[in-house]
Amino acid sequence: MSVTRDDVAYIAALSRLQFSDEEMATMTTELNSILHYVEKLNEIDTDGVEPLSGIHDQMNVLRDDVEKDSIATALALQNAPDRQDRFFKVPKVIG
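Calculation rules
- Residues numbered from 1 in each chain as written.
- Predicted model: local features only at pLDDT ≥ 70, side-chain atom pairs only at ≥ 80, totals over all residues.
- Heavy atoms only, no water.
- Helix = DSSP H or I, 4+ residues; strand = E, 2+ residues; numbered from the N terminus.
- Rg over C-alpha atoms; globule rule 2.2 N^0.38 Å.
- Buried < 20%, exposed > 50% of the residue type's maximum accessible area, 1.4 Å probe, protein only.
- Areas by Shrake-Rupley, 256 points an atom, 1.4 Å probe, with all protein chains shown as cover.
- Axes fitted to C-alpha atoms, helices over the stretch in contact; angles between N-to-C directions.
- Parallel < 35°, antiparallel > 145°, perpendicular 65-115°, else oblique.
- Contact = heavy atoms within 4.5 Å.
- Nonpolar A, V, L, I, M, F, W, Y, C, P; charged D, E, K, R; others polar.
- Salt bridge = Lys/Arg side-chain N within 4 Å of Asp/Glu carboxyl O.

Asker: Would you mind going over the overall build of the chain with me for this structure?
Answerer: The helix and strand inventory of the chain stands at three helices and two strands. The N-to-C order of helical and strand elements in the chain reads α-α-α-β-β. Computed over C-alpha atoms, the radius of gyration of the chain comes to 27 Å, more than 25% over the 12 Å expected from 2.2 N^0.38 for 95 residues, which places it beyond the range of a compact globule. Overall, the C-alpha framework of the chain stretches about 65 × 50 × 15 Å when taken along its three principal axes. Counting every position in the chain, which comprises 95 residues, the buried fraction comes to 7%. Just so you have it, the chain exposes about 9600 Å², and 54% of that area is on carbon and sulfur atoms.

Asker: What am I meant to see in the side chain of Thr28 here?
Answerer: With respect to the helices and strands, Thr28 occurs in helix H2 (residues 21-42). What makes Thr28 buried here is its relative accessible area of 12%.

Asker: Would you mind going over the packing of helix H1 (residues 5-14) against H2 with me for this structure?
Answerer: Each pair of packed helices gets described by two things: the angle between the helix axes and the distance between those axes. At a closest axis distance of 9 Å, the pairing of H1 and H2 adopts a crossing angle of 105°. If you check the angle between H1 and H2, you find them roughly perpendicular. Side by side, H1 and H2 meet where Arg5, Val8 and Ala9 of the first sit next to Asp21, Met24, Ala25, Met27, Thr28 and Leu31 of the second. The class makeup of the residues in the contact of H1 with H2 is six nonpolar, one polar and two charged.

Asker: How should I be thinking about the pattern of salt bridges in this particular structure?
Answerer: For side chains of opposite charge, pairing can occur when their charged atoms come near one another. Per the counting criterion, the structure on display carries one salt bridge. Notably, a salt bridge pairs Asp21 with Arg5, separated by 3.4 Å at the nearest N-O pair. Remark: Arg5 occurs in helix H1 and Asp21 occurs in helix H2; sequence separation between them is 16 residues. On the basis of relative accessible area, Asp21 is assigned to the exposed category, the value being 60%.

Asker: So what exactly am I meant to see when it comes to unusual backbone geometry here?
Answerer: Glycine aside, the phi torsion of most residues is negative, and most peptide linkages are trans. The phi torsion at Arg16 lies on the positive side, around 55°, for a residue other than glycine. Tracing the chain through its elements places Arg16 in the loop between H1 and H2.

See below:
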């Protein structure tokens, strides 16, 4: 499989990217290099090799989900830089 300059222009248009002529030539060469590498990987004999779903044998290394009481509002607001009544006060971010 090979990528042409027209293919790169089409992909760039879909991605809303603009390339100069020099960049277009570079992208064409680099994409062809990537596809050539993938074709090389397809030549590898993988018969008898089990699919790998992870890089190690550890299973579920997360902590147990334990129900706890929530933190009191007064304690949560104790170190707040600014508050209003029982709420955190933050700068307005939406106009």
